[in-house]
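Structure assessment
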Amino acid sequence: MLTAAAFVTNLGSHGALIAAAFAVLEAGGDGGDVGLVAAARTLPLVLFLLIGGAVADRLPRHRVMVAANALNCLSQAAFAVLVLSGEAELWQMMLLTALGGTGQAFFSPAAEGMLLSSVEGEQASRAFAVFRMAMQGAAVGGAALGGAMVAAIGPGWVLAADAAAFAVAGSMRAFLDVGHIPQRARGGGMLADLREGWREFAGRPWLWGIVVQFSIANAVVGAADAVYGPLVARDHLGGAGPWGLALGFFGAGTVAGALLMTRWKPRRLLLAGTLCVFPLALPSAALAVPAPISVLCAVMFLTGVTLEVFGVSWMTALHQEIPEDKLSRVAAYDWFGSVALVPPATALAGPAETAFGRTSALWGCAALVVVVTAAVLCVPDVRNLRRRTKHVSASERVGSADAESAVGGLG
């Protein structure tokens, strides 16, 4: 049920991202206005993520997910009505997009905690791989379908379809069977819960080390993809079509990587996953050359495959090591690290190109990915954390922030 609902949501959301951009342009906006609407979604997402994680660990997670889906449904429906009426103004689009970002801030930690608590035993990593395969497939299909629908019937109807997708997914999540999840004891208040989540996060070097790594890696790769990639495609590769093809190959690679992880269970979870992050530097390097479109597509496919190896390994490590009652708070810190530096990095991409040149900026992006990935391999727990061969209950898990022993003993 979780996987089916996530597929429906992702299918609609990835089409809506394209529709929102074209809605701004059709309303008379320019590229700067598109950026403002995108920033309006990201800002509340960053601001409310940690609170969303604490709420999801205090309340039934599926109810938090349903409430967030309801907010997203209403905001997207209002956005669609404005666009279809031809009366959408920039401030209205920014406000409604910000409401969507707020819903996402509460939904994402709850959804990750719900997923991680829903499977047990040796098949957990395979279940995560199947879930991620559905998610990535929906992302690829949603972007392609959304682009075609925007061209055929206009962005307003695509936004309406996304609102309907949220309604369907929220209804499915309302019927989730959560009887297997143990009752969580109430904490001492929101601030106490946030402090407890911070102790859980900060007490595990492998956890905060990889989150810091991806804070930087996601920022520079996001800037390269959002700013430099389209410019290189325009100047050297033949325009938007080849760039869209390259992004499609990346999406296909993520599906293939998830399929691979249904069969492969690396013993050293984080070592295998982190080694597979190094190829994330290759797309920026290929754009810096710039490589022919055939080479870029091959590089993007390989990057998608290896990133899914990391993604499944990372989820398995969180499922194995984090107590069930703290999963959403830890997931919130993970999400916060993933998105916090993306807006400033994207904003600085243009000035960096002016100061250093596009080629140097792209080589800098590739170098930063390599440096931070090599640095996180210096953390002993990243190299040594091993997959458990039998399930360990939450009460038996060791190495929490409240324990005196080092996390390195977990292997």
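It should be noted that the structure appears before, not after, this text.
From a predicted model like this one, the values you see are computed outputs, not experimental measurements. (Residues numbered from 1 in each chain as written. Predicted model: local features only at pLDDT ≥ 70, side-chain atom pairs only at ≥ 80, totals over all residues. Heavy atoms only, no water.)

1. Quick notes on the overall build of the chain
Counting secondary structure elements, the chain contains 16 helices and 0 strands. Against the 2.2 N^0.38 benchmark of 22 Å for 411 residues, the chain shows a C-alpha radius of gyration of 21 Å, consistent with a compact globule. Summarising its shape, the C-alpha atoms of the chain cover approximately 60 × 45 × 35 Å along the three principal directions. For the chain, the residues scored as buried account for 51% of the 411 residues in total. A sequence separation of at least 24 residues applies to 89% of the contacts in the chain between residues at least 6 apart. Looking at the chain as shown, the accessible area adds up to about 17400 Å², and 69% of this sits on carbon and sulfur atoms. Counting 26 positive and 26 negative side-chain charges, the chain places the centres of these two groups 9 Å from one another. (Helix = DSSP H or I, 4+ residues; strand = E, 2+ residues; numbered from the N terminus. Rg over C-alpha atoms; globule rule 2.2 N^0.38 Å. Buried < 20%, exposed > 50% of the residue type's maximum accessible area, 1.4 Å probe, protein only. Contact = heavy atoms within 4.5 Å. Areas by Shrake-Rupley, 256 points an atom, 1.4 Å probe, with all protein chains shown as cover. Lys, Arg positive; Asp, Glu negative; His and termini not counted. Charge placed at Lys NZ, Arg CZ, Asp CG, Glu CD.)

2. Here we look at the nonpolar core
In terms of nonpolar packing, the biggest core is built from 71 residues, with Trp206 and Trp314 touching the most fellow members. No other element matches the 16 residues that helix 8 (residues 205–237) contributes to this core. Sequence-distant contacts of Trp314, that is, excluding residues within four places in its chain, are made with Trp206, Leu207, Ile210, Val211, Leu270 and Asp334. Of all hydrophobic cores here, the second largest spans 16 residues; its members include Ala16, Ala20, Phe79 and Leu159. (Core = buried A, V, L, I, M, F, W, Y, C linked by side-chain atoms within 4.5 Å.)

3. Observations concerning the packing of helix 5 (residues 124–153) against helix 12 (residues 293–321)
Between helix 5 and helix 12, the least distance of the axes is 9 Å, while the angle of their chain directions is 135°. Classified by the angle between their axes, helix 5 and helix 12 sit oblique to one another. Classified by chirality, the crossing of helix 12 by helix 5 is right-handed. Contact residues: helix 5 offers Ala124, Ser125, Phe128, Ala129, Arg132 and Gln136, while helix 12 offers Glu308, Gly311, Val312, Met315, Thr316 and His319. Residues of the contact of helix 5 with helix 12, tallied by class, amount to 5 nonpolar, 5 polar and 2 charged. (Axes fitted to C-alpha atoms, helices over the stretch in contact; angles between N-to-C directions. Parallel < 35°, antiparallel > 145°, perpendicular 65-115°, else oblique. Left-handed = near helix turned anticlockwise from the far one by under 90°. Nonpolar A, V, L, I, M, F, W, Y, C, P; charged D, E, K, R; others polar.)

4. Focus on the environment of Glu87
Tracing the backbone shows Glu87 in the loop between helix 3 (61–85) and helix 4 (90–116). Relative accessible area serves as the criterion here: at 58%, Glu87 is assigned to the exposed category. Setting aside residues up to four positions removed in sequence, Glu87 forms contacts with Leu82 and Gln92.

5. A closer look at the pattern of salt bridges
Proximity of charged atoms lets side chains of opposite charge pair with each other. The full count for this structure, using the stated rule, is 12 salt bridges. With a closest N to O distance of 2.8 Å, Asp193 and Arg58 form a salt bridge. Within this pair, whereas Asp193 is found in helix 7 (residues 190–202), its partner Arg58 is found in helix 2 (residues 31–58), the two being separated by 135 residues in sequence. Overall, the relative accessible area of 29% leaves Arg58 in the partly exposed class. (Salt bridge = Lys/Arg side-chain N within 4 Å of Asp/Glu carboxyl O.)

6. Notes on the packing of aromatic side chains
Applying the stated criterion across every chain yields a total of 7 aromatic pairs. Ring geometry for Trp198 and Phe201: centres 5.7 Å apart, planes at 40°, overall tilted. Linking Trp198 with Phe201, this pair stays in helix 7, spanning 3 residues, or about one helical turn. Taken together, a centroid distance of 5.0 Å and an interplanar angle of 20° make the contact between Phe201 and Tyr333 stacked. You can see Phe201 sitting in helix 7 and its partner Tyr333 sitting in helix 13 (residues 327–339), a full 132 residues away along the chain. (Phe/Tyr/Trp six-rings, centres within 6.5 Å; stacked < 30°, edge-to-face > 60°.)

7. Let's talk about helix 12
For the α-helix, the turn length of 3.6 residues means that residues three or four positions removed from each other point alike. The end-to-end C-alpha separation of helix 12 is 42 Å, in line with the 42 Å expected for 29 residues at 1.5 Å each. Burial runs high along helix 12: 23 of the 29 residues are buried. (Expected span 1.5 Å × (residues − 1).)

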